Structure formats: structure tokens, C-alpha cells
Amino acid sequence: MSAGNTTDRLKRRVLREAVAENIDVIRGVPPRALRRHSRWTRLWLRRASFVLLPLTLAGSSYMIANGGDAAMPPRPLMQIASASVQPPVAPLPDRGVTTPERMAASAFPLSVRRVVLDAGHGGTDPGATAGGLLEKEITLDIGRRLQSLLTQSGFEVVVTRDADHTIALKDRAELANAAKSDIFVSIHVNAIVKHTEVRGIETYYLGSTNDPSLTKLAAAENRISGYSVSDMRSLVEDVYANARSAESHQLATVIQKNLYSSLRADDAALENWGVKRAPFLVLVGTQMPAVLAEVGCMSNEKELAMLRRPEYRQKIAEALHQGIRSYASAGDAPQKKGIEKNG
Amino acid sequence: MAETLNVGIDLGTSRSAISASNGERFVVDSFVGWPLDMVARKVLKRDVLIGHEAVANRTMLDLHRPLERGLLKEGSEKDVEAVRELLKHLLRLVGVNGKSDAANVRAVVGVPAAALRTNKQYLRNSMKGIVDSLLIVSEPFAVAYGLDALLHTLIIDIGAGTTDFCVMKGRYPTEEDQRTLTIAGDTIDAQLLKLMEERYPQANVTLFMVRDWKEKFSFVGEPKAPVVVTAPVKGVPTEMDITNEMKAACEAVVAPTVETMLDLLAKVEPEFQERVRNNIILSGGGGLIHGLAQALEDALKAVGGGKVRATDDPVFIGSDGGLALASDAPEGDWEKLSA
């Protein structure tokens with residue numbers, strides 16, 4: 001067959017496929033690739049919940065039965081049950097795997113040794129940009145400062161990126177899981193282009209939301225994931241009733257409180273936008289309490305000028321540090337032991 | 001029966017081009033602006049301005065670039081309206097004059113791959129009612145089709161908002177054949193502006209100025225000549241040498257482009273990898289960066305070498321590809337694609 005014939009045949013084929021895809025769109029059929037992906041992901045999540053929850057509960061029961069084991073390496077889910085200072089906990093009734101709320105922080109004190117810091121965006125994904133400043137640079141700088149502060153306080157710190165690298169959101173979550181981290185803190189900077197007059201601080205934990213502005217923000221932060229907003233929504237629905245929610249909320253609350261009270265001293269107009277739930281992909285994949293802090297607002301001129309100053313970025317890092325310490329010490333003594341040992 | 005006009009449209013983040021079967025070809029800046037108030041409307045004597053006119057009068061306009069960062073922002077009515085205005089404007093340029101026109105217009109519109117991946121339905125609805133029949137495809141695919149490069153080819157289309165990679169395997173590209181980076185022409189602009197602000201803090205420079213300079217002088221590797229530009233410093237036009245800044249800003253796209261290129265190449269079936277490596281096509285505005293093809297070839301040496309060529313006509317390559325698709329599509333298919 002001649003080269004010309006081959007080309008013509010190929011052209012007919014690709015054209016036919018392009019037309020078929022467009023007809024699917026006209027009929028409202030979801031794109032083939034996404035259909036496959038989403039089904040796979042849901043299946044995975046369903047399986048994961050069946051595997052993880054029994055494991056966690058079995059782990060908890062084992063630890064309680066053995067009175068805890070201080071020599072055990074820190075493992076986020078099991079650790080919840082490993083605290084030796086806890087008054088005796090009633091044996092877990094055998095009610096299957098449908099009661100994740102029993103793992104809430106109020107039931108078992110937390111011990112935090114290992115922290116994963118996630119400097120938002122990076123590499124080919126600059127995040128928000130304003131006045132020549134890139135979100136990825138600010139988050140990395142604050143992340144480095146926070147890493148240093150946490151290390152000095154005796155925490156083990158794992159970072160998702162230590163330079164200007166492109167890292168997929170899923171990979172960040174996987175890294176945190178592989179590191180068996182106790183908490184996950186993702187650092188981001190807001191940009192509210194339509195309201196450049198406002199500036200504020202907000203901290204997120206995972207959950208679904210009906211607030212259109214939050215959906216939009218999550219869509220922007222999840223952009224490089226390749227998922228559509230509706231796909232994200234169904235993903236989140238699947239993992240929504242998870243055991244990390246209460247802990248994540250608590251972590252978000254102390255971080256938000258420390259960020260706001262500390263930064264407001266520099267800027268009386270700074271607004272407290274509070275703790276919110278939103279479906280950020282990076283929070284979906286993590287298996288430990290996880291929050292995403294929007295530590296400032298690049299779209300506001302005054303704040304942008306402040307973010308350019310290293311002293312202000314240091315202040316943000318210190319506030320995050322204080323928040324993490326508060327969360328850790330709200331739990332128990334092992335953290336303090338860690339400080340003495342390392343520091 | 002009404003006369004049929006086939007058109008290929010490249011709806012780009014920075015520029016949009018149209019090629020029509022009547023032989024007309026035009027390119028416009030992808031900017032759409034509406035007068036901010038009554039005064040502006042009176043001065044401009046127009047309800048909407050498009051392309052370089054919009055950029056030139058931007059201080060009086062609510063200016064939109066509808067596919068910024070490669071996506072049509074969902075929920076933004078202004079962006080949808082901007083896309084519609086842009087399409088209508090392009091069609092007017094090739095002689096289609098709205099409802100009164102009796103011609104049957106069939107359009108193939110190429111969009112950034114990411115836009116097509118995330119909101120196909122939204123994109124299609126946004127373009128409803130402007131032409132008689134509509135086929136939307138990813139931009140690198142239109143380029144590949146126009147060049148007859150459908151087999152064992154890698155298209156790297158560096159636009160303003162996105163860099164699209166597409167390996168052509170003799171089929172309509174799937175998710176796994178394509179990648180999108182948001183590092184592209186706009187990243188160079190932002191980087192160049194930042195570097196200039198650092199080096200010449202007194203100079204008054206805007207993104208529009210650095211975009212113009214980039215289009216004239218962009219390079220990676222060794223410069224052909226020093227890059228000297230003029231910008232106001234405290235109101236006084238002043239010459240500045242920005243050779244180093246231009247080099248650094250342009251080279252910011254090299255590493256991620258190389259990384260993605262090598263990653264995609266590694267995923268090609270082993271027996272075809274060499275053929276794909278020797279068939280890499282650089283299109284879009286990025287193809288005009290002096291020395292970029294060479295830099296990519298240098299990087300390919302580590303994996304056995306390869307050939308990268310920039311397209312001869314980066315401006316119309318996508319719209320010409322779209323026109324070729326429009327002309328080749330069978331009559332029966334067009335009937336199913338009414339818009």
C-alpha cells in the first residue's frame with residue numbers, strides 16, 4: 001500500500017473518531033476516558049475504605065489490648081489509639097466498620113511527631129500570579145521557614161517539594177501517606193481577582209460544599225488534576241464520611257486561630273474568613289488529618305507588598321508553627337518527650 | 001441550496017486565527033473588551049472591541065481574554081460572551097455577515113487540549129448558534145492533521161496560556177497521548193517582567209510591553225545580538241539591555257518542556273520510540289523562540305538523539321489544519337454536528 005493511501009486511511013480514521021467524540025458531547029454522554037477513570041477511582045476508594053477501616057479498628061483494638069507500645073514507630077491511624085496516658089477505653093463493640101466517629105480526637109489523644117509540609121503548586125504550575133510574584137515561590141519560601149522552625153521544635157518534617165518542582169496533587173498525598181505522617185499541612189496563597197480590595201486568612205479541611213465561590217476556588221486549586229468539578233464532587237462524596245474529618249477540623253481551627261491573631265497585629269484590615277470545608281484533591285488522598293491554609297491574598301496590593309517582605313513570610317511561618325504546636329500539645333506528652341530527645 | 005463555506009479556527013489563548021475555503025486567512029489577538037462606561041462608549045463609538053484594537057484601548061475597556069490559562073472559565077458569562085464575539089469577528093473577517101448571510105458555514109474549532117478535556121460540553125454550548133455545523137478538536141490534533149503528521153509524531157504546541165503535547169499514534173488522541181503544561185508564553189512574560197523589575201526598579205514596564213519584546217527577541221542559548229529595549233524611567237524613554245533577562249525568562253520553559261517531552265516519549269511503545277523522537281514538531285508562538293528546537297534536540301541526545309523542527313507558519317498552522325479537517329469531513333457527518 002502506498003504512503004499516500006496509508007495517510008488517507010489514517011485521516012479518515014482520526015476524522016471519524018473526532019466526529020464520534022463530538023457527537024457524544026452533543027448527546028451529553030461523558031467523555032470516554034473520564035468515564036473509565038472516574039469509575040476506577042470510585043471503585044478504588046470504595047475498596048480502600050473497606051480495607052483501611054477494618055485495619056484501623058483492628059489496629060486500635062490490638063494496641064488497646066496491649067496497653068500501648070511506646071517503641072512503636074509513629075503511625076497516624078494506629079497512633080490515635082496508642083496513647084498510654086489515656087484512661088481505659090471501653091472495648092470496641094463489634095459493630096462492623098460503619099462507625100468512623102469513634103476515632104475522633106476526643107476519644108483518643110493525638111501524638112504528632114511527623115509533619116508533612118506541602119508548599120502549594122510548583123514547577124510548571126505557578127499557582128496565582130500577581131505583580132510578577134508567583135504563588136509557588138511564596139509557598140516554597142514559607143514552607144522552608146516553617147520546616148526549619150518545626151525541626152528546631154523536635155518534629156520530623158517531610159516536605160512534598162524542596163525546590164521548584166512540578167508534583168501532581170495525587171503524588172503529594174501519596175508521599176504523605178508513604179511517609180506515615182501524623183499530619184499534613186498544605187500552604188497556599190489566595191487571589192481574589194474580582195475583589196482586590198479584600199484580604200483575609202482562611203483554612204480548609206476536606207468536605208463537600210455547596211458554596212459556589214468555594215467550588216470555584218477548589219476547581220482552580222485542583223486544576224492540574226485533570227478532574228472536572230463534577231467529578232471532584234463525586235470523588236469527595238465517596239470519602240466524605242471519613243475518620244479524619246474531626247481531627248482535620250481541629251487542626252484547621254488552631255492553625256486559623258494562630259494565623260489570624262498573629263498576622264492581624266501587622267494589618268488591622270485583615271479579615272478572618274474562618275475554617276471551611278472544601279473538596280481539594282490534595283486533601284482527598286491523604287490518610288491523616290490534613291488541612292490547606294490560604295495564608296494571604298496576592299490579589300490585594302497591600303498584602304502583596306507585605307508578602308514580598310521576608311519578615312512577613314517568617315511571621316506566617318511562625319504562626320503556622322505555633323498552630324501545629326498547639327494542635328500537637330493539645331494531645332499528649334509524647335510530643336514533649338520528642339522535643340527533649342531531639343532538641 | 002445555500003453555498004457552503006468551510007472554516008478552520010484556531011482559538012488560542014493569545015491569538016486566534018481563521019482559514020476559510022474562500023481563500024481568506026486572518027489572525028487577531030484573543031482579546032475582547034467592552035467600554036467601561038458611557039464616556040468610553042462615546043469615545044470608542046463601538047459596543048465591543050476585539051483584537052489589537054481592544055488591547056490598544058484597554059484603559060477604557062473591561063478587557064477579557066477568554067481562554068486564559070487554556071480554559072474557558074465555567075460560570076463566567078463575560079468569558080463566554082468574549083468567545084462568541086471573537087468567533088463572530090473572525091467569521092466577519094472572512095465574509096460571513098451574521099444572520100443575513102445565506103452561506104452554510106461549517107467550522108472546525110481547535111482549542112487548547114486542557115479546555116477540551118475539562119469542559120467539552122460547556123465549550124460547545126458556548127459556541128452554539130454562531131455557525132451551522134461545528135466540530136471542536138484539540139489544537140495539537142488540528143496541527144498534526146494539517147501537516148499529515150498522524151503517525152509516530154510528537155506535536156509540541158507552545159501557546160500563551162498552555163503548552164500542549166500530543167503523540168500521534170494514528171488515532172484520535174486519547175488522554176494518555178496528551179499532556180498540558182500551564183507553563184507557556186505567559187510564564188515567560190511574567191518572568192521577564194519580574195526580572196526587569198528587579199534589575200530596573202525605576203523603569204515603568206507593563207506585561208503588554210514585555211510581551212511585545214518577547215515576540216521580537218525571544219531566544220534560548222546564545223543570543224543573535226544584544227537585546228536592547230526602550231522603556232520610560234520616571235517618564236524619560238531610556239534604553240535598557242535585557243539580554244540576560246530575556247534568556248533567563250525564555251529558558252524557564254525549557255526544563256519543563258524537556259521533562260514532559262521525555263516522559264511522553266518514554267511511554268511510546270519501545271519499537272516506535274526512535275521514529276517519534278525523529279519526528280518532533282514545534283508549533284505555536286513558542287516555535288518562534290530562537291534556539292528552542294536546538295535546545296530540545298540537545299536534551300534528546302541523552303535518550304539516543306532526535307530531530308525537532310519548528311513549523312514554517314506557526315500563525316496559521318492550526319487554522320489550516322482545521323480547514324483541512326472541515327473540507328475532508330463527509331457531508332453526512334456535518335449533518336450530525338449541527339450547532
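Refer to the preceding data block for the structure.
Every value quoted in this text rests on a predicted model; they were computed, and no experiment measured them.

J.: I would appreciate a short explanation of the overall build of chain B in the present structure.
T.: Secondary structure assignment for chain B yields 13 helices and 15 strands. In chain B, which comprises 339 residues, the share counted as buried stands at 53%. Contacts in chain B between residues far apart in sequence, at least 24 positions, make up 70% of those at least 6 positions apart.

J.: Whenever I open this one, the environment of Gly-131 of chain A confuses me. Can you help?
T.: All names here are of chain A. Along the chain, Gly-131 falls in the loop between strand 2 (129-130) and strand 3 (133-134). Under the C-beta neighbour-count criterion, Gly-131 is labelled partly exposed, with 15 such atoms within 10 Å. Once the C-alpha coordinates of Gly-131 and Leu-304 are considered, the two residues, 173 residues apart in sequence, prove to be 8.0 Å apart.

J.: Help me understand the interface of chain A and chain B in this model?
T.: How big an interface is tends to be reported as the loss of accessible area on association of its parts. With 26 residues of chain A at the interface, the matching set in chain B holds 34 residues. At 13 residues, the largest contribution of residues to the side of chain A that touches chain B is made by helix 1 (residues 3-27) of chain A.

J.: Explain the sheet that holds strand 2 (residues 15-20) of chain B here, please?
T.: Either a parallel or an antiparallel arrangement is found when strands of a sheet pair, and the pairing is made through backbone hydrogen bonds. Residue and element names in this part refer to chain B. Strand order across the open sheet formed by five strands is 3-2-1-7-8, with mixed pairing between neighbours. The outermost strands of the open sheet, each flanked by one partner alone, are strand 3 (25-29) and strand 8 (133-138). Direction aside, the axes of adjacent strands within the sheet are offset by 15° on average. One ladder, built from five bridges, connects strand 2 with strand 3; its direction is antiparallel. Paired with Ser-19 across the two strands is Arg-25, which belongs to strand 3. Packed onto the sheet, helix 12 (residues 317-328) meets strand 1 (4-11), strand 2, strand 7 (104-111) and strand 8 and runs at close to 145° relative to strand 1.

J.: Would you explain helix 8 (residues 243-251) of chain B in this entry?
T.: Given 3.6 residues per helical turn, the α-helix brings residues three or four places apart onto the same face. For helix 8 of chain B, the full list of buried residues reads Glu-245, Met-246, Lys-247, Ala-249 and Cys-250 of chain B. Buried residues along helix 8 of chain B sit in contact with helix 6 (185-199) and helix 7 (207-217) of chain B.

About the thresholds
- All residue numbers here refer to positions counted from 1 along the written sequence of the relevant chain.
- As they are written, the chains are lettered A onward and the ligands numbered 1 onward, keeping that order.
- Side-chain atom pairs in this predicted model are given and counted only at pLDDT of 80 or more, local residue features only at pLDDT of at least 70, and totals for whole chains, interfaces and linings cover all residues.
- Secondary structure elements follow DSSP: runs of H or I no shorter than four residues count as helices, runs of E no shorter than two count as strands, and numbering proceeds from the N terminus.
- Around each residue's C-beta, the other C-beta atoms within 10 Å are counted; 20 or more make the residue buried, 12 or fewer make it exposed, and counts in between make it partly exposed. All C-beta atoms are placed from the backbone.
- A pair of residues counts as a contact when their C-beta atoms, built from backbone coordinates, are within 7 Å of each other.
- Here, a strand pair is defined by DSSP locating no fewer than two bridges between the strands.
- Simply put, an axis is a line fit to the C-alpha atoms, just over the touching stretch for a helix, and the angle between two N-to-C directions goes from 0 to 180 degrees.

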